[in-house]
Amino acid sequence: MSAIVPQLGDLGKSTRRRSKRLPWTVLVCLVIVAGVVLMTVFGAALAPQDPAAQHLTEVLAPPGSGHWLGTDELGRDVFSRLIAGARTAFVGPLVVTIGSMLIGNLLGLWSGYKGGAVDAIVMRWVDFMWALPGLLIIVVVAGAFGGGYWMAVALLLVLTIPFDTRIIRGATLEQATLPYVEAARALGLSNRRIMLLHIWPNLSATAVANAFLTFAGAIVALSGLSFLGFGVDPGSPDWGRMLSDGTNLLFENPAAALASGAMIVATAVSMNIIGDWLYESLSSRGGSK
Amino acid sequence: MRTRATASLVVSRILVYAGMLVLISFVIFSLLYITPGDAVGNLLGTRRRTPETEELLRRQYHLNEPFLTQYWIWLKDAVRFDFGNSSVSTLPVTDEINARLPNSLILAGVAYVLTMLIGIPLGLAAAAKKSTAVDRGIVASVIVGFSTPVFVGAVALLYVFGVLLGWFPVFGAGTGFVDKLWHLTLPAISLAIAGAGLIVKHTRAVMIKVLDQDYVTFARARGLTSRRVYLLYALRNGLIPVITVSVPLLASLVTGAVLVEVTFSIPGIGDLLVRSAASQDLPTLQAIALLVAALIMVANLAADLLYMAADPRIRHGRSTT
Amino acid sequence: MIAPGKSHRPAAHETTTSTVLKVRDLGVDAVGPDGTDPIVSSFDLDLAPGETVGIVGESGSGKSLTARAIMGLLPGSLVARGQVEYGGRNLLELSEREWSHVRGREIGFVLQDPFTMLNPVFRCGRIIEESLIRDGRRRPPRSERRAEVLRRLAEVGLTDPSVADRYSFQLSGGMRQRVAVAAALARDPKILIADEPTTALDVTTQKEMLTLLRGVQKARGMSLVLITHDLRVAFAMCDRIHVMYGGSLIEVAPAADLESRPLHPYAQGLLLSEPSLDRRVVELPSIPGSVPKAREVVDCCAFATRCEWVADTCRQGRPPLLEVGRLRRSACVRLPEIGAAMDAKRARIDVAEPPTSEARSERPLIEIRDLRKEFRIGKRTVTALDGVSLSVNQGESVAIVGESGSGKTTLARTLLGLERCTSGDICIDGVPAHDWSKLSAADRRRLRGTVQMVFQDPYASLNPMRSIGSTLSEAIRSHDRGVKDTAGGVADLLKTVGLPPAYAQRKPAALSGGERQRVAIARALAVDPRLLVCDEPVSALDVSVRAQIVNLFATLRRERGVGFIFITHDLSMLRQITERVCIMHRGRLVESGPVDRILDHPTDPYTVKLLQSIPRSGAAWIDAPVTTEARRTPAGGGRRTGGRDLMGEVCDGGDTHGAA
């Protein structure tokens with residue numbers, strides 16, 4: 001899981017003030033993500049051919065006019081499968097990201113602001129999870145219980161929450177000692193109001209940027225599981241599985257493997273870059289420092 | 001006074017990790033019972049169930065003893081590297097692991113060295129040339145390296161250097177040390193790429209922070225040469241935090257090793273793990289999980305001790321910022 | 001190496017023609033993607049051997065960057081131009097390699113913050129030692145190096161050899177600063193540039209530090225450039241003073257002349273807004289507005305926006321620094337016309353005002369009895385409040401004075417319910433309030449509406465994501481939930497603190513420090529409290545802005561009958577803002593009484609020491625020993641001092657956990 005990002009922010013933060021214009025790199029990334037979203041929503045409807053249809057006469061065709069990216073060992077159109085595979089590649093990470101952001105933010109705010117026993121327990125748990133290789137846990141559990149896509153997604157969610165919690169808790173601790181929070185307490189505002197309406201907006205840049213990094217990490221992790229055979233069911237179109245199936249066909253039709261790998265990398269890179277850019281522009285929203 | 005305080009800190013760290021390991025081992029052992037199906041079935045795997053085999057397994061794994069006694073016996077055996085027999089091959093798990101361990105260790109070792117050799121210099125260069133084209137180039141490639149899953153990188157390298165150029169073998173671990181190294185070069189590189197991203201990112205951030213500190217300015221103001229300041233101050237202070245990354249780095253190397261071994265068909269521990277998970281071979285699964293957990297706890301401990309040795313503030317109970 | 005103590009240079013005060021350092025037309029530019037911005041321009045300086053020159057200015061005046069430019073230590077995005085002549089060379093043209101022969105050896109430099117200046121992973125002895133050894137020279141044997149390190153530590157008053165074996169974080173702020181001075185002097189520079197060397201220190205430590213600097217300077221015959229924002233420190237230490245404003249010099253004068261008759265409206269304004277320690281004035285003269293950015297005042301007099309005598313001539317180009325008397329230069333183009341008016345203003349202010357007995361009730365609003373507060377840090381217990389008893393009447397203004405670690409901030413926070421006391425009683429307006437969590441919701445609301453707090457750091461005390469208007473309207477609603485439309489209330493509050501209603505639309509980032517503090521006060525006033533607890537309300541503000549806020553407090557008291565508790569380390573403001581003073585030391589109230597009695601006839605030794613530590617002009621103050629309490633000896637006390645320092649951080653830094 002390369003979602004292990006100890007420190008956010010500093011990357012790509014070259015000059016203090018940037019022009020308001022959207023950098024072209026971010027624009028490209030947004031286009032890529034938009035494309036993947038479209039593919040996720042409409043799936044096979046966008047594909048030029050039926051992704052499941054086997055053309056046994058055209059097995060392992062190289063990229064060409066009939067099949068843009070050639071065919072696989074069963075003669076299925078790689079390009080169509082690529083489009084259809086976006087759904088599993090995108091939905092799982094989306095669930096992980098949203099779930100982890102919700103739970104991680106609440107837990108992080110709570111344990112950072114209130115401290116005490118909750119904080120101690122949460123932090124022990126986070127420390128514990130920090131050191132364990134998450135993907136391996138999923139493999140072991142899948143081995144013991146039998147896998148499945150949603151099982152993998154749920155496990156990944158549980159394993160991701162500690163990272164979000166840790167980041168939000170750290171940022172909350174920083175904010176909680178600031179006078180504006182103390183002043184809100186002195187005015188007698190409720191803890192919930194202070195946490196959600198005062199502290200959280202000041203963390204939102206971190207939280208939102210982190211969500212994008214979580215997404216990038218989740219797409220990598222989930223496709224890795226599929227690659228190992230623990231994610232989606234055999235035969236269904238999925239980028240990770242197509243990559244592992246395609247590895248054996250590198251001599252015949254390299255596009256079958258490389259195209260899905262490229263899609264994974266492109267989506268992950270885009271999410272990372274958009275996350276960094278959002279962090280930059282959101283954190284300058286409050287003005288100073 | 002001070003040595004005693006330090007010693008008690010060290011002992012407390014050791015105890016913490018030992019405690020964690022015991023907890024993990026307990027969970028790992030419990031897999032036998034909390035998984036669907038009964039223990040005998042889990043141990044039998046795909047073999048046929050007869051009263052004789054069942055009785056054999058019950059005796060071999062002490063299944064008639066109370067749960068905690070079973071755990072105790074299992075743990076005692078595990079410490080002596082006895083994990084029972086694979087439910088698939090019925091051979092001792094330890095033999096299988098022993099045969100595969102060298103491949104994985106060489107792979108991980110080479111990858112670790114590569115990660116550091118690529119990561120630290122690039123991180124230092126990016127920090128020293130902050131906000132220049134060099135820095136931006138490094139940062140951009142870090143984002144790409146970072147977002148490239150190990151298996152995608154592995155397949156790409158395999159295609160370019162194995163298939164297109166034919167410089168390296170495309171599968172297997174080779175025989176003999178030199179041949180092994182040659183076989184493991186591509187896998188190690190693909191493993192190092194993602195890890196190096198983490199190290200570059202961290203080294204760069206930390207170095208930029210250190211070079212911005214007052215004590216660095218003050219050192220220059222006292223006439224220390226910039227080379228001295230960079231080597232003595234920046235490296236000493238800056239590389240301390242890089243130690244902390246070594247633990248998540250190890251975790252990512254172990255994870256990555258699994259994917260890489262599968263891609264390059266290297267008979268290693270990771271490959272075995274995936275096979276045993278796919279065939280629900282519980283004894284092997286338990287053995288590997290415990291092995292990896294122990295490895296990671298030891299690495300954690302080592303990182304903590306290194307940190308303690310390098311930063312007096314930890315030894316003296318101050319938190320660092 | 002030159003042995004310290006061998007004076008081989010003429011003493012100060014003599015106007016010799018020889019100069020060790022000559023700075024001409026020094027400028028600092030920020031080079032960005034959209035062109036260059038001048039930050040400092042046309043800075044001149046002549047430094048005679050053995051002389052002490054002060055560079056005085058507020059934050060943003062460019063004084064620290066000027067010092068860094070002279071040392072060749074500007075951050076990467078800034079570029080220096082002009083001439084810095086030393087030893088016949090222009091230092092600005094040196095290569096980095098050549099610089100390392102000048103820095104430390106010819107010119108030493110001490111930074112502001114002793115807490116960040118020493119590398120935390122090295123022992124103090126090693127830090128000094130590495131400066132002693134020059135590159136390329138043979139290293140003397142270990143024992144000799146050690147002896148030299150101990151000698152250097154002794155020179156700065158650290159006679160306990162174990163200091164050399166400690167890490168910087170095990171020492172108090174004052175001791176760290178001493179180690180830093182020893183390290184800066186290790187290669188025996190002929191000039192020492194000290195950038196705010198005492199700003200981060202407590203007032204008693206500041207006095208010791210200044211005495212030390214003066215002593216070392218005399219013994220070595222060294223020249224000293226002292227950069228400070230505090231005119232009183234400059235008057236106490238310096239022969240001549242350069243006043244900077246908005247990135248350029250506006251006045252250069254001998255210290256005594258500047259103190260008696262400043263020749264620039266800004267210098268005079270700064271001088272007058274420093275309240276007098278000896279007498280009370282009706283209203284502190286303040287400079288309106290706030291310090292502009294250097295790039296906003298490129299083509300006019302930097303002070304034009306705030307000057308009461310401003311005319312069109314002030315806005316036609318940057319006025320040059322012109323000779324206006326013996327050794328005196330001023331950048332005021334209208335000086336000949338307004339000189340008399342300036343003198344008159346000064347004379348008017350100089351009239352003392354008898355202390356007024358403001359109308360206040362004798363009913364106690366707050367009663368604190370035997371309050372204790374302990375913090376647990378790991379296994380140690382630190383006592384922040386050790387049996388404090390205090391009562392404050394309705395409408396009264398009380399100051400609680402102490403240094404860091406005295407427990408004064410903890411007292412305030414406990415009173416506000418931000419911290420829970422370990423034992424003791426607090427009674428606010430008849431409601432027992434030693435544990436706010438046990439109060440009924442109604443009581444708690446009543447107390448919140450009785451006591452409110454203003455914090456030290458105006459930059460962090462407003463939520464940066466909220467507009468001023470929403471911050472204030474939330475405060476109004478917290479008091480009175482029924483309010484539908486808060487716009488009127490917000491405008492009223494802004495008016496009360498002297499801000500235009502349009503500010504409601506702004507975010508805090510668009511406000512200056514003084515304006516933010518006004519908003520923070522308005523927020524506290526929103527619940528119509530009877531008592532405001534102000535924790536160092538002006539110490540983070542620029543000197544020229546402080547007086548505005550102090551005057552605002554006076555107005556609020558007069559017009560709204562609000563009482564005050566001021567938490568402060570600054571004794572100079574006391575007479576202007578309070579009638580009763582409590583002195584705190586190590587968690588206990590050591591002395592309390594009417595302000596005049598405490599300031600004029602202190603009885604507790606600690607109070608005496610505090611008062612003696614307030615900077616006064618002239619060498620007499622610097623050289624006078626601090627009499628009463630035994631000086632803090634490093635021998636054996638080092639570790640304890642370190643602990644005490646930690647306590648200061650804990651108590652004043654605050655700990656949010658536990659009281660929520």
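Residues numbered from 1 in each chain as written. Chains lettered and ligands numbered in written order. Predicted model: local features only at pLDDT ≥ 70, side-chain atom pairs only at ≥ 80, totals over all residues. Heavy atoms only, no water.

Re the domain arrangement of chain C
All names here are of chain C.
Phase 1: Looking at the assigned domains, one finds that chain C contains domain 1 (20-238), domain 2 (266-349) and domain 3 (366-450 + 529-623).
Phase 2: Each partner contributes residues to the interface: domain 2 has 20 residues there, and domain 3 has 16 residues.
Phase 3: Of all residues in domain 2, P275, L277 and L284 give up the largest surface area on contact with domain 3, accounting jointly for 39% of the area buried on that side.
Phase 4: For the pair domain 2 and domain 3, the interface holds zero salt bridges.
Phase 5: Joining domain 2 to domain 3, the criterion identifies three residue pairs in polar contact (both at pLDDT 80 or more).
Phase 6: Residues belonging to the side of domain 2 that touches domain 3 are distributed by class as follows: nine nonpolar, five polar and six charged. (Domains from an automatic or database assignment. Contact = heavy atoms within 4.5 Å. Buried area = accessible area lost by both parts, 1.4 Å probe. Salt bridge = Lys/Arg side-chain N within 4 Å of Asp/Glu carboxyl O. Polar contact = N/O pair within 3.5 Å; in protein donor to acceptor, adjacent residues only side chain to side chain. Nonpolar A, V, L, I, M, F, W, Y, C, P; charged D, E, K, R; others polar.)

Overview of the interface of chain C and chain B
Phase 1: At the interface, 36 residues of chain C touch 25 residues of chain B.
Phase 2: Interface of chain C and chain B: buried area, both sides summed, is about 2700 Å²; carbon and sulfur atoms make up 55% of it.
Phase 3: In this assembly, chain C and chain B are joined by two salt bridges.
Phase 4: A salt bridge links R220 of chain B to E96 of chain C; the nearest nitrogen and oxygen atoms lie 3.4 Å apart.
Phase 5: Where chain C touches chain B, the interface holds 10 residue pairs in polar contact (both at pLDDT 80 or more).
Phase 6: Elements represented by at least two residues in the side of chain C that touches chain B include exactly α1 (63-71), α2 (96-102), β6 (107-110), α3 (114-117), α4 (124-132), α6 (173-184) and α22 (638-653) of chain C.
Phase 7: The element best represented in the side of chain C that touches chain B is α4 of chain C, accounting for four residues. (Helix = DSSP H or I, 4+ residues; strand = E, 2+ residues; numbered from the N terminus.)

What to know about the UniProt feature "transmembrane region" (unreviewed entry) in chain A
Phase 1: When the UniProt feature table is mapped onto this chain, "transmembrane region" (unreviewed entry) is found at residues 24-47, 89-110, 130-159, 199-232 and 255-279 of chain A.
Phase 2: As a span, residues 199-232 of chain A carries 88% helix and 0% strand, and end to end its C-alpha atoms are 40 Å apart. (UniProt positions renumbered as here; feature names shortened; annotations may be inferred.)

A look at the sheet that holds strand β9 (residues 240-245) of chain C
Residues and elements named next belong to chain C.
Phase 1: With respect to topology, eight strands assemble into an open sheet ordered β6-β7-β8-β3-β9-β10-β12-β11, the strand pairing being mixed. Edge strands, defined here as strands with exactly one partner in the open sheet, are β6 and β11 (322-325). Taken over all neighbouring pairs, the strand axes of this sheet differ in orientation by 25° on average, direction set aside.
Phase 2: Sheet topology places β9 next to strand β10 (residues 248-254); six bridges connect them, and they run antiparallel. Bridge pairing in β10 links R240 to P254. (Pairing = 2+ DSSP bridges. Axes fitted to C-alpha atoms, helices over the stretch in contact; angles between N-to-C directions.)

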